[in-house]
Amino acid sequence: MNLSNLKPAAGSTKNSKRIGRGTGSGRGGTSTRGHKGAGSRSGHSTKVGFEGGQMPLQRRVPKVGFKPINRVEYVGVNLDVLQGLAEKFNLTTIDFTTLQEHGLAHKNDLVKVLGRGEVKSKLEVKAHAFSATAQKAIEAVGGSIEKL
């Protein structure tokens, strides 16, 4: 077997329609494009969402709400989750790479530590942001925080 004699499996391919090869072929004349209009012209293509001049769905449906263009999205990690990590893996410092390794954040995420739960052990936590309650709770047990 060579590359020169490879063929697709029998019946898996069809011959393309030969369009515009005379009236006797059944596909001559207008070449299956109908009469006049943009669709009969060469180079015609409609834009995505175009509905033939009817008001497109994307413009008919009412828009609701406001999305601020500069919004910063954080992934929230609570204190009870940090405490669980510290107990399970004997950690004293928890940083972004630690959270990544344990599936709590992805590489492009920003992490914010939130105040649900409690911290029992002294932890050094490094994250992009901290809520006020989380910061107080970590520092109350003698831990420290560092903003990345």
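Scroll up to find the structure.
Right, let's walk through the structure included here. (Residues numbered from 1 in each chain as written. Predicted model: local features only at pLDDT ≥ 70, side-chain atom pairs only at ≥ 80, totals over all residues. Heavy atoms only, no water.)

Here we look at the overall build of the chain
Alright, step 1. Along the backbone of the chain there are four helices and six strands.
Alright, step 2. Helices (α) and strands (β) of the chain occur, in sequence order from the N terminus, as α-β-α-β-α-β-β-β-α-β.
Alright, step 3. Relative to a compact globule of 148 residues, whose C-alpha radius of gyration would be 15 Å, the chain shows 32 Å and is clearly more extended.
Alright, step 4. If one aligns the C-alpha atoms of the chain with their principal axes, the spans along those axes are about 90 × 60 × 20 Å.
Alright, step 5. Within the chain, buried positions represent 18% of all 148 residues. (Helix = DSSP H or I, 4+ residues; strand = E, 2+ residues; numbered from the N terminus. Rg over C-alpha atoms; globule rule 2.2 N^0.38 Å. Buried < 20%, exposed > 50% of the residue type's maximum accessible area, 1.4 Å probe, protein only.)

Concerning unusual backbone geometry
Alright, step 1. With phi around 55°, Ser31 is a residue other than glycine that occupies positive phi space.
Alright, step 2. Inspection of the secondary structure puts Ser31 in the segment before α1 (57-60).
Alright, step 3. Of note, Thr32 is a non-glycine position whose phi angle comes to about 65°, a positive value.
Alright, step 4. Positionally, Thr32 belongs in the segment before α1.
Alright, step 5. On the basis of relative accessibility, which here comes to 54%, the residue Thr32 falls in the exposed class.

Describing the nonpolar core
Alright, step 1. If you look at the biggest cluster of nonpolar residues, it comprises 18 residues, and the most contacted ones within it are Leu82, Leu99 and Val113.
Alright, step 2. When contributions to this core are tallied by element, the ones reaching two or more residues are α2 (79-89), α3 (96-101), β3 (111-114), β4 (124-127) and α4 (132-140).
Alright, step 3. When near neighbours in sequence (up to four residues on either side) are disregarded, Leu82 contacts Val77, Ile94, Leu99, Val113, Leu123 and Val125. (Core = buried A, V, L, I, M, F, W, Y, C linked by side-chain atoms within 4.5 Å. Contact = heavy atoms within 4.5 Å.)

Remarks on the sheet that holds β3
Alright, step 1. Read from one edge to the other, the open sheet built from three strands follows the order β1-β3-β5, with strand pairing classed as parallel. Looking at strand neighbours, the two that pair on one side only are β1 (75-78) and β5 (129-130), the edges of this open sheet.
Alright, step 2. Where β1 and β3 come together, four bridges link them in parallel fashion. Pairing of Asn78 across the sheet is with Leu114, part of β3.
Alright, step 3. Contacts from α2 reach β1 and β3 within the one sheet, and its direction differs from that of β1 by about 65°. (Pairing = 2+ DSSP bridges. Axes fitted to C-alpha atoms, helices over the stretch in contact; angles between N-to-C directions.)

Describing the sheet that holds β4
Alright, step 1. One open sheet accounts for three strands, arranged β2-β4-β6; its pairing is parallel. The strands lining the two open edges of the sheet, one partner per strand, are β2 (93-94) and β6 (144-147).
Alright, step 2. Pairing geometry for β4 and β6, over four bridges, is parallel. Bridge pairing in β6 places Lys126 opposite Glu146.

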